[in-house]
Amino acid sequence: MNKVSFNSETKIWSGSPFVYPFGNESVGEVIFEKLSQDLNHIAQISEDSGVKYTNKEFLELSIAFASNLQRKGLKKGDVVLFLCQKHHYVPPAMLGCIFAGVVFCPFYYQDSSVRTEVCDILQKINPKMMIMSHLDLVDEFQRIFREISLECPIYVYENSIEGCEELKTLFEKENDQPKIEEYHPFSATDPSVDLLCLNLTSSTTSKPKICPMTHKQMLMSLVVRNTTGGHFSCFTDLGWISALTLTFYSLVASMTNVMRADYTIPEALSLIEKYKINSMFCKPKDIFGMLKFEDIQKYDLSSLRAIITGGEQLSAKIGRDFVKFIPNARILSIYGMTDMSGPISDASEGKLLENYVGKVRSGMEMIVIDEQGNHLGPNELGELCVRSTVVPFSGYYGDPQRTKDSLNEDGFFYTGDMGHIDAEGGIFINERKRFFMSYRGMILNQSHIEHIILENVEGVSGVCVVDVESDEHGQMPIIAIIPSPGKTLNEKEVVEILMKHHEFEFETRVLFFKSLPMTISGKFKKFLVRDLIMEKLKNV
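From a predicted model like this one, the values you see are computed outputs, not experimental measurements. (Residues numbered from 1 in each chain as written. Predicted model: local features only at pLDDT ≥ 70, side-chain atom pairs only at ≥ 80, totals over all residues. Heavy atoms only, no water.)

**Describing the pairing of strand S12 (residues 231–234)**
Across 2 bridges, S12 lies against strand S13 (residues 256–259) in parallel orientation. Its bridge partner being in S13, Phe232 is matched across the sheet by Asn257. For the segment spanning S12, helix H7 (residues 241–252) and S13, crossover handedness is right-handed. Taken together, the 3 bridges between S12 and strand S14 (residues 279–282) define a ladder with parallel strand orientation. Bridge pairing in S14 places Ser233 opposite Met280. (Pairing = 2+ DSSP bridges. Helix = DSSP H or I, 4+ residues; strand = E, 2+ residues; numbered from the N terminus. Right-handed = clockwise from strand over helix to strand, strands pointing away.)

Shown next, in the form of structure tokens:
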């Protein structure tokens, strides 16, 4: 059991020592060994296609994929892009990349406003192949590749699209393909250095950063702990680092991964009931959507034992309200970052406390600092910083200056999150550093405002608060709301409810939108939302 210690001299919180069990093994070697132990186990079920893979079928497909990549000349360190939903063929293809020593990159493309960023990223990572299920974006990426003079064939599955290759051919066995018992996956020279994949940050407040993940960093997330066996489902895209690590965790933990390419709230609830899902990962937004879904009581969710949530803060009130629909399960909040290649905290042990996201994880050290960089003690508010005792921060791909600026002199990573840590090592997050705003000398917390509206205003599908410059107030919060389908909201009523529940009154405006730009992790892109708000205010 993880026991957090606090050094009163250095003011450093340390999770218990991390016992790393894999030696110099690669991720592929660990997963290969685990799947080989029970070839008949059902590794994956696709609700969309109805395709089921046993461990044997999963391995055979991954080996074929790896062999065909090598036949096409791809070698260690080459990059394959995945712009894909969670279709049945995607996890075996990713494992095939790992078996071949090829680096994979779960990619995303939200809207044309980020086109310049996409071009910059592609030029940095120089991919040799792209696998795509978002067929409406094929033409766009073919144009981008031509513009930046990048030779990158696009592979699609079961669709004849001009200029694209057929992905199915990469899963075909050749006569010389080794059998499972004869095969050996890529072996890492140094698992703490050799790259496994490249992940993109969610870009809530700025351009996305490219975060390399080594084999050892992934393997830290694959140490099997409490949750093994049963049926598992993840309701986030593979662009989420949590979804990525949990996909591979389900393989080594002998779970059956039940997946859908996309889902609505009713479809998610039906999936849980149909397959008797035992554990799941979802966004706080999904819990809110399920709670507000008027027919939720019609679904049997009694199979659930654990709901893990992360990516943003879950309102404790919403969590407590949802618990009555999951009689045998706990909601476990977790804190992690793509920049740090995964979780920073252990799950919250089912404690539904406001802003609580669990304890400092085993193998991690944390400090809390003030504006001058001084270390703070228990329950003192400041910026959270983290350092791994097992494998160092990998930095940002192709950006040494940003890497240097992200660390203090002792190697602690600046998370940008404001919060505190209690005497027992419990982490409480108040807000992103950038999302605190000064209003007439008082501090406003944008997330707190969002939570009040979600919890108390009926008919809200989504809400995003941003700060704008104000001659009178210094900064002023503006609230963007997406009403639920068929609902009409009134600005005056929203403000009245907000002020009734907030600690003090402040001036604001409420604007309504049909949709708002989102990141891959389901958060709102605040810098783009601010642009939409400023444009709308000009016309009000």
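Let us keep going from here.
**A look at the sheet that holds strand S15 (residues 306–309)**
Backbone hydrogen bonds hold the strands of a sheet together, and the pairing may be parallel or antiparallel. Strand order in the open sheet formed by 7 strands is S4-S3-S13-S12-S14-S15-S16, and the pairing between neighbours is mixed. Each of the sheet's edge strands pairs with one partner strand only, and the pair in question is strand S4 (52–54) and strand S16 (330–333). Strand after strand, the sheet turns through a mean of 20 degrees between neighbouring axes, direction not considered. Relative to S16, S15 runs parallel, the two being bridged by 4 bridges. When the bridges of S16 are listed, Ile308 appears paired with Leu332. (Axes fitted to C-alpha atoms, helices over the stretch in contact; angles between N-to-C directions.)

**As for the packing of aromatic side chains**
For the coordinates displayed, the defined rule picks out 20 aromatic pairs. Both rings, one in Phe32 and one in Tyr183, keep their centres 6.1 Å apart while their planes meet at 55 degrees; by these two values the pair is tilted. Highlighted residues: Phe32 in helix H1 (residues 27–36) and Tyr183 in the loop between strand S9 (165–166) and strand S10 (195–200), separated in sequence by 151 residues. A single burial state applies to Phe32 and to Tyr183, both of which are buried. Judged by centre distance (4.1 Å) and plane angle (15 degrees), the ring pair of Tyr89 and Tyr157 falls under stacked. Within this pair, whereas Tyr89 is found in the loop between strand S5 (79–83) and helix H3 (90–100), its partner Tyr157 is found in the loop between strand S8 (154–156) and S9, the two being separated by 68 residues in sequence. On the accessibility criterion, Tyr157 (16% relative accessible area) is buried. An aromatic cluster is built from Phe32, Phe99 and Tyr183, whose rings are joined through pairwise contacts. Against the face of Tyr20 rests Lys216, its NZ or CZ located 4.7 Å from the ring centre. (Phe/Tyr/Trp six-rings, centres within 6.5 Å; stacked < 30°, edge-to-face > 60°. Buried < 20%, exposed > 50% of the residue type's maximum accessible area, 1.4 Å probe, protein only. Lys NZ or Arg CZ within 6 Å of the ring centre and 35° of its normal.)

**Quick look at helix H14 (residues 526–538)**
The terminal C-alpha atoms of H14 lie 18 Å apart, and with 13 residues this matches the ideal 18 Å at 1.5 Å per residue to within 8%. Among the residues of H14, those classed as buried are Lys526, Leu528, Val529 and Ile533. Buried residues of H14, seen end-on, are gathered within an arc of 160 degrees and therefore sit on one face of the element. (Expected span 1.5 Å × (residues − 1). Arc of directions from axis to C-beta.)

**A word on empty space enclosed by the protein**
On inspection of all chains with the given rule, the structure shows 4 cavities of 30 Å³ or more. Taken as a whole, the largest cavity spans an internal volume of roughly 90 Å³. Lining the largest cavity are 14 residues, and of these Gln217, Met340, Ser341, Met364 and Val391 lie nearest its centre. Listing elements by their share of the lining of the largest cavity, those giving two or more residues are helix H6 (215–221) and strand S18 (342–343). Classifying every residue of the lining of the largest cavity by side-chain character gives 7 nonpolar, 5 polar and 2 charged. (1 Å grid on protein atoms, 1.4 Å probe; cavity = no way out; pocket = protein on both sides within 12 Å on 5 of 7 lines; lining within 4 Å. Points joined across faces, edges and corners; volume = space filled by probe spheres on them. Nonpolar A, V, L, I, M, F, W, Y, C, P; charged D, E, K, R; others polar.)

**So, the pattern of salt bridges**
Applying the stated criterion across every chain, the model contains 16 salt bridges. For Arg260, the salt bridge is made with Glu267, and the minimal N-O distance between the two is 3.3 Å. A relative accessible area of 17% places Arg260 in the buried class. For Glu267, a relative accessible area of 31% puts it in the partly exposed group. Beyond isolated ion pairs, a larger network of salt bridges with shared partners links Asp48, Arg260 and Glu267. (Salt bridge = Lys/Arg side-chain N within 4 Å of Asp/Glu carboxyl O.)

**A look at the packing of helix H8 (residues 265–275) against helix H9 (residues 284–292)**
Interhelical geometry of H8 versus H9 gives an angle of 90 degrees and a closest axis separation of 10 Å. What the angle tells us is that H8 and H9 run roughly perpendicular. Residues Ile265, Ala268, Leu269 and Ile272 of H8 form the contact with H9, whose own contacting residues are Asp286, Gly289 and Met290. When its residues are assigned to classes, the contact of H8 with H9 shows 5 nonpolar, 1 polar and 1 charged. (Parallel < 35°, antiparallel > 145°, perpendicular 65-115°, else oblique. Contact = heavy atoms within 4.5 Å.)

**What to know about the packing of H1 against H3**
With their axes 8 Å apart at the nearest point, H1 and H3 run at an angle of 120 degrees to one another. Taken together, H1 and H3 sit at an angle that is classed as oblique. You can see that H1 and H3 cross each other, and the crossing is left-handed. When H1 is examined against H3, the residues Val27, Gly28, Ile31, Phe32 and Leu35 are found in contact with a partner set consisting of Leu95, Ile98 and Phe99. (Left-handed = near helix turned anticlockwise from the far one by under 90°.)

**Some details on the nonpolar core**
Within the largest apolar cluster, 69 residues are counted, with the highest numbers of intra-cluster contacts made by Phe65, Phe82, Phe104, Leu167 and Phe248. Residues contacting Phe248, with those up to four places away along its chain left out, are Ile31, Met94, Ile98, Phe104, Met218 and Leu222. Counting residues in hydrophobic clusters, the runner-up holds 48 residues, among them Phe235, Cys282, Ala329 and Leu352. (Core = buried A, V, L, I, M, F, W, Y, C linked by side-chain atoms within 4.5 Å.)

Worth remembering: the numbers are spatial, not functional.
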